[in-house]
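Overview (structure and organization)
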Amino acid sequence: MATTAKDIEYAENVQKLMLNQKNIRNIGIVAHIHHGKTTLTDNLAAEAGMMSKELVGERMLTWIDKQEHERLMTIYGATVTMGHKCEGQEYLINLLDTPGHVDFGADVTQALRAVDGAVVMACAVEGMMPQTETVLHQALTERVKPILFINKVDRAIKELKLTPAQLQKRLTDLVIEINSFIARNVEPEFKEQWMLSVEKGTVAFGSALKKWAISIPAMKKFNVTFKDIIDLCSQDKDEELAKRAPAHIVVLDMVVAHLPTPLEAQKYRIKRLWRGEYDSELGKSLLACDAKGELAAGVTKIVYDQHAGMIATARIFSGKINEGEILHLVKTDRDSKVQQLSTFIAQRRMPIKTAIAGNVVGLIGMTDVAVGETLCEAGKTIEPFESIKHIFEPVVTKAIEAKNPQDLPKLIEYLRILGMEDPTLKIKISPETGETLVSGLGELHLDAKVERKLREKGLDIVVSPPVVVYRETVTKKSGETEGKSPNRHNKVFMIVEPMKDSIYQAIKSGRIQEGKIKKKKQDLIEAFCDAGMERDEAKQVVEVYNGNILVEATRGVVHIGEIMEMVHEAFEEVMEQGPLGKEPCYGLKVSIVDCKLHEDTIHRGPGQMIPCARQAITNAMLMAGTVLYEPAQTIRIDTPMEYLTEASKLVIGRRGLVMETNQQGTRYVMVAEVPVMEMFCFEAALKSASGGRGFQSLIDVAYKKLPSDLQLQTILRIRERKGMSKEMPKPIFD
């Protein structure tokens with residue numbers, strides 16, 4: 001698309017606004033699916049002159065992929081940078097629209113790394129739904145401050161026929177419910193400041209589609225009463241209401257007044273996102289969002305364009321980036337050039353020359369950059385930002401192969417790019433069968449982001465039926481178990497035991513960060529202690545990996561420091577592929593308690609110590625009784641009252657458990673737990689059982705012990721599928 005004079009004017013204005021950090025607001029719009037995120041984004045973009053006002057709710061500006069229009073849902077999300085005038089000042093709003101379907105939750109987490117505040121949307125008709133809780137929890141975990149917009153109030157007035165008193169109670173109850181969730185999940189230091197308040201103006205309500213909104217400050221500003229809202233809406237005078245109380249002004253004024261600047265937010269966000277020394281020059285620069293400091297930026301999104309190559313969205317936390325500059329990719333330890341710097345209007349890119357700390361920008365043309373990468377100045381390296389922690393893990397796997405063997409290199413390359421774009425896609429080639437295995441968050445995730453994209457590239461592929469990703473763990477503590485090196489000159493002694501659930505939950509929630517622990521930080525030790533670990537043991541934890549921990553509990557071993565890197569590697573290998581069926585491990589505490597090492601370094605190199613430590617961990621797991629855990633989804637089922645029995649039968653017939661039911665008007669809400677293995681085609685079965693009127697939403701995914709009568713047959717089926725021996729593994733001690 002050719003650059004117009006209007007585009008040039010827009011880019012010049014944005015470039016100017018980017019330099020005033022006090023007037024920058026980086027925000028995400030997050031909500032349950034179909035609660036109006038993209039329609040609100042359309043509304044705000046239209047008022048900023050980026051699209052026709054008549055197309056609000058139809059064009060869907062941030063739907064950048066054609067299947068988003070086909071499926072009528074956001075899959076990728078996009079950034080829109082716009083200006084907004086408030087109280088005589090002009091502000092720069094970097095708005096990131098996000099998906100609402102749980103299968104695309106990775107895009108939500110990535111967007112939240114880039115922003116400082118979130119407009120949480122809730123539907124006045126449906127209320128707080130499971131994904132509302134999920135995205136709000138993700139925001140709080142990233143220390144992103146929330147405000148609330150209650151959407152579709154026009155439907156509550158017209159369809160539910162609520163009186164003013166009933167509507168007011170409904171809205172008040174929804175605010176109370178969301179505040180209750182925030183109070184349970186926010187860190188204590190933010191609890192008082194981040195609670196939502198109608199009176200303070202951190203709550204607005206309205207209709208994104210009809211282009212009107214209201215809040216307490218807006219009522220005073222526009223001289224509109226609650227009664228005016230109900231009267232005009234009831235009389236279908238939404239256009240008049242939109243003129244008197246325009247949604248874009250109400251929402252963006254609320255953003256400006258109540259969401260933090262980068263200067264304010266980084267003072268507390270950096271301590272969650274970065275593990276470096278805060279009193280170092282870089283640490284001080286990050287906390288201050290210093291545009292003159294050393295460069296530190298985080299990549300939060302990758303999109304591949306066949307013409308422009310990799311397009312990375314990055315949040316600059318310190319320093320600045322110039323067009324044409326060569327940057328260092330910290331995690332991959334290589335340099336790459338920024339061919340072009342840009343801002344975004346969804347998929348349109350507007351070139352700029354420079355960007356300073358506090359901004360969200362596009363970096364075009366960098367090679368092999370991935371989501372979660374840390375960027376710094378060429379010739380330097382810095383402590384990387386924390387990995388982006390996704391709330392759910394891959395639970396479904398499919399084998400994908402090219403029909404034409406000549407297309408195999410293309411398949412591998414396209415999958416590599418897709419894996420860089422979406423880190424929740426786990427892609428590996430099975431060494432036993434040669435299959436390319438792709439794991440994702442669900443069937444829709446794999447279909448939309450992998451199968452569909454490969455076919456669009458012209459690849460003819462064969463896809464296997466979906467299989468479940470299980471977890472291997474132990475039921476009790478092992479004894480002190482040895483592993484021997486191949487040359488028999490070294491021994492490592494390990495103990496493996498189940499981790500306390502409170503510690504696992506702290507890791508899952510992000511309170512305990514994953515990664516190798518090189519320096520003993522007091523806040524990390526306190527996090528382990530708060531989760532129930534003894535202080536002395538907390539000081540010995542040296543790695544947290546995929547929900548498992550490694551403890552270095554040796555005493556007086558002279559050369560332990562020389563072999564620990566190899567022990568880390570062995571630990572990670574076994575945690576990736578357990579002994580039963582090479583499934584990932586879950587909830588394990590692995591302690592290295594003793595070593596007997598050869599004096600000569602040449603006899604204890606990687607070829608000796610990695611197999612030695614790996615054997616010790618595997619032996620300990622088998623001695624402790626390794627079992628399979630299966631992923632189980634906690635789901636919410638909404639169904640008319642007359643179909644409740646059929647819905648219950650459907651759940652129970654799939655090894656499910658009905659946990660609770662409650663009535664909401666003429667509908668029933670059921671909370672149930674169903675194994676993922678039994679969830680394939682569940683949505684279609686529910687529609688059939690409920691006359692097409694029932695639907696389900698995901699609340700949580702947790703791992704539960706696979707029933708004893710299914711353990712052996714499941715393990716053997718996994719081993720056969722992976723080309724492994726049918727003989728069950730046993731400890732090796734010779």
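Up top is the structure.
Before going into details, it helps to say that this report is about the structure given with it.

Before going further, it helps to examine the overall build of the protein chain. Within the protein chain, the regular secondary structure consists of 24 helices and 33 strands. Relative to the 2.2 N^0.38 estimate, which gives 27 Å for 734 residues, the radius of gyration of the protein chain is 27 Å and therefore close to what a compact globule would have. In terms of overall dimensions, the protein chain has a C-alpha envelope of 85 × 65 × 55 Å along the principal axes. The 734 residues of the protein chain split such that 58% are buried. In the protein chain, the share of contacts with a sequence separation of at least 24, taken over all contacts with a separation of at least 6, comes to 73%. Between the averaged position of the 96 positive side-chain charges in the protein chain and that of its 100 negative side-chain charges there is a distance of 2 Å.

Let us look at the sheet that holds strand 28 (residues 548-552). Strand order in the open sheet formed by six strands is 24-25-29-28-27-26, with mixed pairing between adjacent strands. The strands lining the two open edges of the sheet, one partner per strand, are strand 24 (481-484) and strand 26 (515-516). Looking at chain direction, strand 25 (residues 491-498) and strand 29 (residues 588-596) are connected through eight bridges and run antiparallel. Residue pairing in the sheet places Ile495 in a bridge with Ser591 of strand 29.

Moving on, we come to empty space enclosed by the protein. This model, assessed by the stated rule, comprises five cavities of 30 Å³ or more. Empty space within the largest cavity amounts to approximately 100 Å³. Every residue lining the largest cavity is counted, 14 residues in all, and those nearest its centre are Tyr76, Leu96, Asp107, Ala111 and Lys301. Secondary structure elements with two or more residues in the lining of the largest cavity: strand 2 (78-86), strand 3 (89-97), helix 4 (105-114) and strand 8 (296-305). Ranked by residues supplied to the lining of the largest cavity, first place goes to helix 4 with three residues. For the lining of the largest cavity, the residue count by class is five nonpolar, six polar and three charged. Tyr76, Asp107, Lys301, Ile302, Leu418, Glu421, Asp422, Leu425 and Lys449 together form the lining of the second largest cavity. Secondary-structure elements contributing two or more residues to the lining of the second largest cavity are strand 8 and helix 15 (408-421). Its residues assigned to classes, the lining of the second largest cavity shows four nonpolar, no polar and five charged.

Time to look at the environment of Ala31. Position of Ala31 relative to the elements: it lies in strand 1 (residues 24-31). When sequence neighbours within four positions are dropped, the list of residues in contact with Ala31 reads Lys37, Pro99, Gly100, Met121, Gln131 and Val135.

Counted by the stated rule, this structure contains 43 salt bridges. Of the charged contacts in the structure, one is a salt bridge between Arg143 and Glu187, with a shortest N-O distance of 2.7 Å. Placement of the pair is Arg143 in the loop between helix 5 (130-141) and strand 5 (145-151) and Glu187 in the loop between helix 7 (164-185) and helix 8 (188-194), with a sequence separation of 44 residues. Since its relative accessible area comes to 9%, Arg143 is described here as buried. Given the relative accessible area of 18%, Glu187 is considered buried. Asp638 is the partner of Arg636 in a salt bridge, and the nearest nitrogen-oxygen pair spans 2.8 Å. Like Arg636, the residue Asp638 is buried in the burial classification.

Viewed as axis vectors pointing N to C, helix 15 and helix 16 (residues 443-456) meet at an angle of 140 degrees, and their least axial separation amounts to 11 Å. Overall, the two elements helix 15 and helix 16 adopt an arrangement that is oblique. Where helix 15 crosses over helix 16, the handedness of that crossing is right-handed. Along the contact surface, helix 15 presents Leu411, Tyr414, Leu415 and Leu418, while helix 16 presents Lys449, Val450, Lys453 and Leu454. Partitioning the contact of helix 15 with helix 16 into residue classes produces six nonpolar, no polar and two charged.

Moving on: the packing of aromatic side chains. In this description, a pair of aromatic rings is defined by centroid distance and the angle of the planes. A full pass over the atoms with the stated rule returns ten aromatic pairs. Arranged with centres 5.1 Å apart and planes meeting at 55 degrees, the rings of Phe190 and Tyr268 form a pair that is tilted. With Phe190 in helix 8 and Tyr268 in helix 13 (residues 262-273), the pair connects residues that are 78 residues apart, well separated along the chain. Assigned by exposure class, Phe190 and Tyr268 land together as buried. Between Phe205 and Phe226 the ring centres are 5.8 Å apart and the planes differ by 70 degrees, which places this aromatic pair in the edge-to-face class. Separated by 21 residues along the polypeptide, Phe205 in strand 6 (residues 203-207) and Phe226 in helix 10 (residues 226-234) bring together distant segments of the chain. Taken together, Tyr504, Tyr586, Tyr629 and Tyr703 form an aromatic cluster joined through their ring pairs.

Moving on, we get to the pairing of strand 3. Counting buried positions along strand 3 gives seven out of nine residues, so the element sits mostly inside the fold. Pairing between strand 2 and strand 3: nine bridges, direction antiparallel. Opposite Thr81, over in strand 3, you have Asn94 as the bridge partner. Joining the antiparallel neighbours strand 2 and strand 3 is a turn of two residues, in which Glu87 adopts a positive phi near 50 degrees.

Attention shifts here to helix 20 (residues 560-576). The terminal C-alpha atoms of helix 20, which comprises 17 residues, lie 24 Å apart, in line with the 24 Å expected from a rise of 1.5 Å per residue. The largest bend in helix 20 comes to about 30 degrees, at Met566. What helix 20 keeps buried is the set Ile560, Ile563, Met564, Met566, Val567, His568, Ala570, Phe571, Val574 and Met575. Packed against the buried residues of helix 20 are strand 25, strand 26, strand 27 (541-545), strand 28, strand 29 and helix 21 (606-624).

Reading the values: rules and limits
- Residues numbered from 1 in each chain as written.
- Predicted model: local features only at pLDDT ≥ 70, side-chain atom pairs only at ≥ 80, totals over all residues.
- Heavy atoms only, no water.
- Helix = DSSP H or I, 4+ residues; strand = E, 2+ residues; numbered from the N terminus.
- Rg over C-alpha atoms; globule rule 2.2 N^0.38 Å.
- Buried < 20%, exposed > 50% of the residue type's maximum accessible area, 1.4 Å probe, protein only.
- Contact = heavy atoms within 4.5 Å.
- Lys, Arg positive; Asp, Glu negative; His and termini not counted.
- Charge placed at Lys NZ, Arg CZ, Asp CG, Glu CD.
- Pairing = 2+ DSSP bridges.
- 1 Å grid on protein atoms, 1.4 Å probe; cavity = no way out; pocket = protein on both sides within 12 Å on 5 of 7 lines; lining within 4 Å.
- Points joined across faces, edges and corners; volume = space filled by probe spheres on them.
- Nonpolar A, V, L, I, M, F, W, Y, C, P; charged D, E, K, R; others polar.
- Salt bridge = Lys/Arg side-chain N within 4 Å of Asp/Glu carboxyl O.
- Axes fitted to C-alpha atoms, helices over the stretch in contact; angles between N-to-C directions.
- Parallel < 35°, antiparallel > 145°, perpendicular 65-115°, else oblique.
- Left-handed = near helix turned anticlockwise from the far one by under 90°.
- Phe/Tyr/Trp six-rings, centres within 6.5 Å; stacked < 30°, edge-to-face > 60°.
- Expected span 1.5 Å × (residues − 1).
- Bend = angle between axes of the 7 residues up to and from the residue.

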